[in-house]
Amino acid sequence: EYASNGETETTNEAYSLLIDSTNNLELNWEHGAGTNDSTVSTATLTNTSGTWVHIAAIRDIAANTVKFYENGIQLGTTVSYTNDPSGSDSSSNRID
């Protein structure tokens, strides 16, 4: 479980995609023994009021980058990160 204490690598979360309270997309994951990693889009969602939208995040582990998308259009710029996910294959999606 993401952000839990006393984790082992086998209980890691592979990814969690969410819309945060400021309408940015956020992609979280864990590596090692539950060490948390997070990337946030560099631009906010453009449509947040009662209309369905398609959101996506693409993590390129070879390049250590994440791209966020809204309705098939890249949202902001590509975000770099350092640590690749490891361990479990559990995942979740949520709106905070």
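This text goes with the structure placed above it.
As the structure is a computational prediction, the values presented were derived from the model and not from experiment. Position labels on residues start from 1 in each chain and follow its written sequence. Side-chain atom pairs in this predicted model are given and counted only at pLDDT of 80 or more, local residue features only at pLDDT of at least 70, and totals for whole chains, interfaces and linings cover all residues. Hydrogens and water molecules were not included; the side-chain quantities draw on all heavy atoms of the structure.

Caption draft 1: Main features of the environment of Leu75. With respect to the helices and strands, Leu75 occurs in the loop between β6 (73-74) and β7 (79-80). Leu75 sits 50 residues away from Leu25 along the chain, and the two C-alpha atoms are 8.8 Å apart. Working definition: helices are DSSP H or I runs of at least four residues, strands are E runs of at least two. Numbering for both runs from the N terminus.

Caption draft 2: Representation of the nonpolar core in the model. Leu17, Ile19, Leu25, Leu27, Trp29, Leu45, Val66, Phe68, Leu75, Val79 and Tyr81 together form the largest nonpolar core, which totals 11 residues. Among the elements of the structure, β1 (13-19), β2 (25-31) and β5 (65-70) are those that each provide at least two residues to this core. Top element by residues in this core is β2. It accounts for three residues. Working rule for contacts: check all heavy atoms of both residues, and any pair within 4.5 Å makes them a contact. Apart from residues lying up to four places away in sequence, Tyr81 is in contact with Trp29, Thr39, Arg59, Asp60, Ile61, Asn64, Thr65 and Val66. In this description, a nonpolar core means a group of buried Ala, Val, Leu, Ile, Met, Phe, Trp, Tyr and Cys residues linked to one another through side-chain atoms lying within 4.5 Å. For the exposure calls, accessible area comes from a 1.4 Å probe over protein chains only, and a residue counts as buried if that area is under 20% of its type's maximum, exposed if over 50%, partly exposed in between.

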